[in-house]
Each structure stands twice: as structure tokens, then as C-alpha cells.
Amino acid sequence: MKTKIEIAGVSKWFRRDGQEIIAMQETNLSIEEGRFVSIIGPSGCGKSTLFNIIAGLMPPSTGRVLADGEDIIGKTGHVGYMLQKDMLLPWRTILDNIILGMEIRGVPRKEAVARAQPLMDRYGLKGFGGHYPAELSGGMRQRAALLRTLLYDRDIILLDEPFGALDAQTRLTMQNWLLEIWEDFRKTVLFVTHDIDEAIYLSDDIYVFSGRPGRIISKISVDMPRPRHMEDTVSASFMELKAHLLDLLSGKPSAHIS
Amino acid sequence: MESVQKKGYIIHKLEAAGPAVPRPEKKQVEPFIQDEEALARRTKRVISFGRLTVALLIVLCWELFTRIGWMDAYYWSSPVRILTTTWTQITQGTLLEDIAYTSSSTILGFVGGTLIGSLLGLSFWWSRKFAGISEPFLILLNAMPKLALAPVLVILLGIGFFSKVALAFAMTVVVAALSAHSGVQSVDKDMEKLMYSLGAKRHQVFTKVVIPWAMPWMISSLRINIALSLAGAIVGEFIASSHGIGRMVIYAGTILDINLVWVGVVVLSVLSMVMYMGVVLLEKWLSKGYGMKKA
């Protein structure tokens, strides 16, 4: 399969109080087109730093970042980016929020609405276009935020703990909803989470980061068949992988040798 | 470690030998390390330099334009004239005493108004009824132009020092009360519940939660109040006084000594700025531990 994102020798340093602090150790990732890739790791391990670098919001100290073979260091607009906070503008209706990306790119409103409407109808926001974000539940707001990211129309989507603030029930619904969208659009998804279940359930590949300063300690491919179902989350192999990941994250040495 | 195939997942072998693509040239050079402090220092330097330049430019243009006649020096005076007049006022006149007079009435009014106003605002926490009855009157007092009371206050308290303090006080007390009241209203009811559940008495809730909670609101009114207080003191001197910068300005205006008027304006500006900076320091000291961003 074609490599979509290539991250080679990327690290990030800061200088603070005259001391050099490492935020992320040299990282190599290569993400294939159309894959669902998760990154898990303890908080403060540099996951968000990596995302900011890929999104072009922050230059790395070393290394390079390629998307489709093109250098995208310091260049924004190559990837769709979504955060844990929905970041919907409170004074805009859901519809106007969803078409924000297109509006910024200069797509005429009529055309933007024509593109947004069927997606909203199909992905559970039917009839909510005229509502304001404050009138919707957290799950609905995240749906709107994700549709906004989708309509930005980039092949690569970065999701930074998008369901982190949702309750367990809503989170499950949203995970299935996200998988449905992903199956339909086949975008390359890079997904940050610290929920191990979520990572296994959603991903093709999982990268495990160590604690601060972050580096990749393991790469695991999940080849459980798709579409996945809730029953899969209690299957033997799911449990085994979960145990393995827990060992990795808690820093048990046995996990590295296996 | 080799790649391990398990049922349902594969643990990959990590390439420790480095990236698949060749290292970029940049790698041989120093890594790019973002130095946030150097960046912040540079920004700070640029800001200081910019401020100084603008200040110098204004003074220079003022001086130049009045000399070449683009601005009429009779009305606009000039920096040099203002400085020389200031010097004669300090050495031969009573400028320093006037400054002391105006600033002490301002500060007394400010301190008194802020303290009593804040206490009044805080007291609204004790009784909803008391607060409900008082509120419209407070709003009325806030809307009333206090400066219009100046003649009454001067007649009531005489042309001496205290009529100026009273006016500065009147200017600040309502703002302080309203701010403290907003602070009190913002206290988290659950926090109060928690205190009562810990067995606290009302006065303990008041001192341990309500006052600290309302502090940021009270602090935010300080900057406005110092300026209001100075305005009150000056207007008091305008009406009738034997000392103070306000009196000096009115006097200079009557005898058409425009230079002296400008001296008054400049001195008052400087005085106002110094007191403002004093308030900012006071704020910093008071808001320790509140994690508030200070401009």
C-alpha cells in the first residue's frame, strides 16, 4: 500500500530557563493510505506535539515530515485536525459551523450547504442544522466538529482524543459512528487516545509511546476482521492484546522482550 | 526482537537503525531548537524600543511644529517651555506642595472609597433582603453624576482639604461596592455548602470563602477607581481651593498663562500614571495565588 505520511527522525526540543528540554525523542512513523492508526501513550508523552508538527502548526527540531512525498513542515492546510474540545463557534448555527472550513477556502455558501446537507442527514445531524451548539449534547457537538473536519476535504485526518470528554455510553456510539464514516470515506486517520479499548477497537495500527520524553516503544497491527462489533471487545485475542498494551504502558520489562 | 504474529494482532519489529528514508541534510547541522525565552526577550525589546521611539517622536514633533509655526505656540505651548515653566514653578512657586496636596486627597479618597465600598458590597452576602432593597439605590447612585455634587460638598465641607477627599470618595465608593457585589454573587453555592458541611459558621464562610472569592472582582475595580478618584479631587479644586494642581490650572487659565495650564496637564498626567502603576503593583500583590493574567 502507498505510504501517506512519512515521519523520519522527527524530534522536538525546547529551551526553557536556559535548559534544553526534550518534548519528543526521535520518532519514525510511516502511515499507509486509508489506514486507521492510533497513537496511545501516557499524558505528556508528546502525542499532541507530534500532531502539531504534522498539522504544520509547529516546526520540529530535527527530521522531516512528508505527506504524499511532499515536505509539509510548517505548512498548514494539508490535514484536517480535530481536538477534544469541539471548538464550535457558539454564535454560529451547526450548519454554519460545519461549512466554516469551506467558507474560509472561498467555496460559495450555496455550494457548501449543498455538500454539507446530505452528510448531516446521513450522519445523525438531520434537523439540527439550525440549532446553536449550546442547544446540543456533547456527542452531537462532536459529530458536527467531525463533519466540519471531513468537509475540509483532506485525505488525512488527525483526531486528538475526540471522544475524551464524552461519557462511556456516548463514546461507544461515537466510536461506531466514526468507523461507519471511515468505512464510507476511507480517509487516512491518525487518532490519539489514552483509552486502550478504544485504540484496539478502532485501529489497524497502534503506535505505543513511552512516558516523557516520548518515544515509540512498539508498533502493533490489529488484524481483527472488520466490521468490528461490540462482542469483539471481549474476545480472547482482544483481551490478550489489551493485557499486552497495559504492560507496555505501565513499563513492565517483560512486554519489551516478548 | 522479531515481529510476532499472534491471533488477531501482530507485534512489529521496531527499526532501531533509523528511518527508511535517508536522513535529511539538516541533521548534520545543529538541530533547530525553539528558544522560547530568547523569542520572548526579543519581543520585549522590540516593544520597549517601539514605545520609546513613539514617545520621542511625539515630543520632537510637538517642539518642532511649534517652532516652525505649524502649531501655534501660544495655544499649544511646547515641551521646552513646559519644562522651563515647571522648573520655575518648582523653584519659585509651590508646585511640589500642590502635587502633594492633590495626590494626598486623591489617595485618601481612593483608599476610603474602595474600602468602604468593598465592605458595603461584601455585606450584601449576609442578607438577600438587605441586598435586594439596596440594589436599586446603588444603581441610582452609580448613574448619578457625582461631580455635579461638587458645589454642594464644597459648601458643606468648606474649601479645605476634606471637600476634595469627600469628592474623591464619592467617585470611588459606588464602583467599589458594585464590583464587590458582583464578586459576592459569583460565589459558588456548592462551595458554601461544602463549608457548612464541614461545620463552618457563617462568619467563617464569609472570611474563608466569600472574601477571597470576591477578591478578583474588587481588584479589577482598583484601576478604574484611581483615575476616578483623581478626577474627583481635581474637580473639587476647580470649584474652590487654595492649593492643588486643579487650582493651579484654573488660576493659570484665568490669567491666560497657557504655559502654566500645560504644566498642570502634564503634571497631572504624570501623577495619574504614577498612581496607576502603584495600583498595578498593589494588584499584583493582592492577586497572588489567584492565577490571574495581569496585563
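Quantities reported herein were computed from a predicted structural model and do not represent experimental measurements. Position numbers for residues start from 1 in each chain and track the written sequence from start to end. For this description, chains carry letters from A and ligands carry numbers from 1, given in the order in which they are written. Thresholds applied to this predicted model are a pLDDT of at least 70 for local features of residues and 80 or more for the giving and counting of side-chain atom pairs; totals over whole chains, interfaces and linings are not thresholded and use all residues. Note: side-chain values were computed over all heavy atoms of the structure, leaving out hydrogens and water.

### Description of the overall build of chain B
Part 1 of the argument: Labels follow the DSSP assignment, with helices taken as runs of H or I lasting at least four residues and strands as runs of E lasting at least two, numbered in each case from the N terminus. When helices and strands are counted, chain B shows 11 helices and three strands.
Part 2 of the argument: Helices (α) and strands (β) of chain B occur, in sequence order from the N terminus, as β-β-β-α-α-α-α-α-α-α-α-α-α-α.
Part 3 of the argument: Against the globule reference of 19 Å for 295 residues, chain B gives a C-alpha radius of gyration of 30 Å, more extended than a compact globule.
Part 4 of the argument: Expressed as lengths along the three principal axes of its C-alpha atoms, the size of chain B is roughly 100 × 65 × 30 Å.
Part 5 of the argument: Only protein chains enter the calculation, and the probe is 1.4 Å; a residue is then buried if its accessible area is under 20% of its type maximum, exposed if over 50%, and partly exposed in between. A total of 295 residues make up chain B; the buried ones form 37% of that total.
Part 6 of the argument: The long-range share in chain B, meaning contacts at least 24 apart out of those at least 6 apart in sequence, stands at 71%.
Part 7 of the argument: For the area figures, the Shrake-Rupley method with a 1.4 Å probe applies, and any residue is considered shielded solely by the protein chains shown. Accessible area for chain B stands at about 17900 Å²; split by element, carbon and sulfur atoms hold 70% of it. The globule rule is 2.2 Å times the number of residues to the power 0.38, and the radius of gyration it is compared with is taken over C-alpha atoms. Contacts were defined at the residue level, with two residues in contact if any of their heavy atoms lie within 4.5 Å.

### Observations regarding the overall build of chain A
Part 1 of the argument: Looking only at helices and strands, chain A has nine helices and 10 strands in total.
Part 2 of the argument: A globule of 258 residues ought to have a C-alpha radius of gyration of about 18 Å, and chain A, at 19 Å, matches this closely.
Part 3 of the argument: Based on the C-alpha atoms only, the size of chain A along its principal axes is roughly 55 × 45 × 40 Å.
Part 4 of the argument: By the burial criterion, 53% of the 258 residues in chain A qualify as buried.

### Topic: unusual backbone geometry
With the exception of glycine, most residues fall at negative phi, and the peptide bonds are largely trans.
Residue and element names in this part refer to chain A.
Part 1 of the argument: Look at the link from Arg226 to Pro227: it is a cis peptide, with omega at -5°.
Part 2 of the argument: The topology assignment puts Pro227 in the loop between strand S10 (216–222) and helix H8 (236–249).
Part 3 of the argument: Phi angles above zero are rare outside glycine, and Asp153 is one such case at about 65°.
Part 4 of the argument: In this fold, Asp153 is placed in the loop between helix H5 (138–151) and strand S7 (156–160).
Part 5 of the argument: Here Asp153 falls in the partly exposed class, since its relative accessible area comes to 38%.
Part 6 of the argument: Residue Glu161 is not a glycine yet carries a positive backbone phi of 45°.
Part 7 of the argument: Mapped onto the fold, Glu161 is located in the loop between S7 and helix H6 (168–185).
Part 8 of the argument: By relative accessible area, Glu161 is classed as buried at 15%.

### Here we look at the UniProt feature "domain: ABC transmembrane type-1" (unreviewed entry) in chain B
Part 1 of the argument: UniProt positions are given in the numbering used here, feature names are shortened, and annotations may be inferred rather than shown by experiment. Following the UniProt record, the feature "domain: ABC transmembrane type-1" (unreviewed entry) maps to residues 95–283 of chain B here.
Part 2 of the argument: In the segment residues 95–283 of chain B, helix accounts for 85% and strand for 0%; the C-alpha atoms at its two ends are 30 Å apart.

### Observations concerning the packing of helix H5 (residues 128–143) of chain B against helix H7 (residues 161–185) of chain B
Residues and elements named next belong to chain B.
Part 1 of the argument: In this analysis, axes come from line fits to C-alpha atoms, helices being fitted only over the stretch in contact, and the angle between any two N-to-C directions falls in the range 0 to 180 degrees. Relative to each other, H5 and H7 sit at 140°, their axes nearing to 10 Å. Regarding the angle of H5 to H7, the classification is oblique. In terms of crossing hand, the pair formed by H5 and H7 is left-handed. Here Ala131, Glu135, Leu138, Leu141 and Asn142 of H5 lie close against H7, whose contacting residues are Val174, Val175, Ala177, Leu178, His181 and Gln185.
Part 2 of the argument: Here the nonpolar group is Ala, Val, Leu, Ile, Met, Phe, Trp, Tyr, Cys and Pro; Asp, Glu, Lys and Arg are the charged ones; every other residue, Gly included, is treated as polar. Split into classes, the residues belonging to the contact of H5 with H7 amount to seven nonpolar, three polar and one charged. Angles are sorted into four bins: roughly parallel if under 35 degrees, roughly antiparallel if over 145, roughly perpendicular if 65 to 115, and oblique for all others. For a crossing to be left-handed, the near helix must be turned anticlockwise from the far one by less than a right angle; the clockwise case is right-handed.

### A few points about the pattern of salt bridges
Residue and element names in this part refer to chain A.
Part 1 of the argument: Salt bridge, as applied in this entry: a Lys or Arg side-chain nitrogen positioned within 4 Å of an Asp or Glu carboxyl oxygen. Applying the stated criterion across every chain yields a total of 21 salt bridges over all chains.
Part 2 of the argument: Glu32 is paired through a salt bridge with Arg35; the nearest N and O atoms lie 3.9 Å apart.
Part 3 of the argument: Using a relative accessible area of 27% as the deciding quantity, one classes Glu32 as partly exposed.
Part 4 of the argument: Where salt bridges share partners, they join Lys2, Lys4, Glu33, Asp68 and Asp155 into one cluster.

### Brief notes about the UniProt feature "transmembrane region" (unreviewed entry) in chain B
Part 1 of the argument: When the UniProt feature table is mapped onto this chain numbering, "transmembrane region" (unreviewed entry) sits at residues 49–70, 107–126, 138–159, 165–184, 222–240 and 260–282 of chain B.
Part 2 of the argument: Span residues 138–159 of chain B is 64% helix and 0% strand, its end C-alpha atoms 28 Å apart.

### Topic: the UniProt feature "domain: ABC transporter" (unreviewed entry) in chain A
Part 1 of the argument: The positions that UniProt labels "domain: ABC transporter" (unreviewed entry) are, in the present scheme, residues 5–236 of chain A.
Part 2 of the argument: Taken end to end, residues 5–236 of chain A is 31% helix and 28% strand, and its first and last C-alpha atoms sit 32 Å apart.

### Remarks on the nonpolar core
It is characteristic of soluble globular proteins that their nonpolar side chains tend to be buried jointly.
Residues and elements named next belong to chain A.
Part 1 of the argument: Counting residues in hydrophobic clusters, the biggest one holds 53 residues, and the most contacted among them are Ile98, Leu125, Leu147, Ile200 and Leu245.
Part 2 of the argument: For this core, the element with the highest residue contribution is H5, accounting for seven residues.
Part 3 of the argument: A domain-level breakdown of this core finds at least three residues from each of domain 1 (1–79 + 156–167 + 188–257) and domain 2 (84–153).
Part 4 of the argument: Not counting residues within four places of it along the chain, the set of residues in contact with Ile200 comprises Ile206, Val222, Met224, Arg228, Phe238, Leu241, Lys242 and Leu245.
Part 5 of the argument: Definition of nonpolar core: a set of buried residues of the types Ala, Val, Leu, Ile, Met, Phe, Trp, Tyr and Cys, connected through side-chain atoms within 4.5 Å. The next biggest cluster of nonpolar side chains, apart from the first, holds 28 residues, and it includes Met24, Ile39, Ile54 and Ala55. Just so you know, the domain bounds were taken from an automatic or database domain assignment.

### Quick look at the domain arrangement of chain A
Size of an interface, as often reported, equals the accessible area lost when the parts are brought together.
All names here are of chain A.
Part 1 of the argument: If you check the domain split of chain A, you get domain 1 (1–79 + 156–167 + 188–257) and domain 2 (84–153).
Part 2 of the argument: For domain 1 versus domain 2, the distance between C-alpha centres works out to 27 Å.
Part 3 of the argument: Taken together, the 11 residues of domain 1 in the interface contact eight residues of domain 2.
Part 4 of the argument: In short, buried area is how much 1.4 Å probe accessible area vanishes from two parts on joining, totalled over both. Together domain 1 and domain 2 conceal approximately 680 Å² of surface at their shared face, both sides included; 66% is due to carbon and sulfur atoms.
Part 5 of the argument: For domain 1, the biggest contributors to the area lost against domain 2 are Ile157, Pro162 and Leu166; these three give 45% of the whole.
Part 6 of the argument: Joining domain 1 to domain 2, the criterion identifies zero salt bridges.
Part 7 of the argument: Side-chain atoms alone can form a polar contact between residues adjacent in sequence; in general such a contact is a pair of N or O atoms within 3.5 Å, and within protein one must be able to donate a hydrogen while the other accepts it. There are two residue pairs in polar contact (both at pLDDT 80 or more) connecting domain 1 and domain 2.
Part 8 of the argument: Considering each element in turn, the side of domain 1 that touches domain 2 owes the most residues, three residues, to S7.
Part 9 of the argument: Broken down by class, the residue content of the side of domain 1 that touches domain 2 amounts to seven nonpolar, two polar and two charged.

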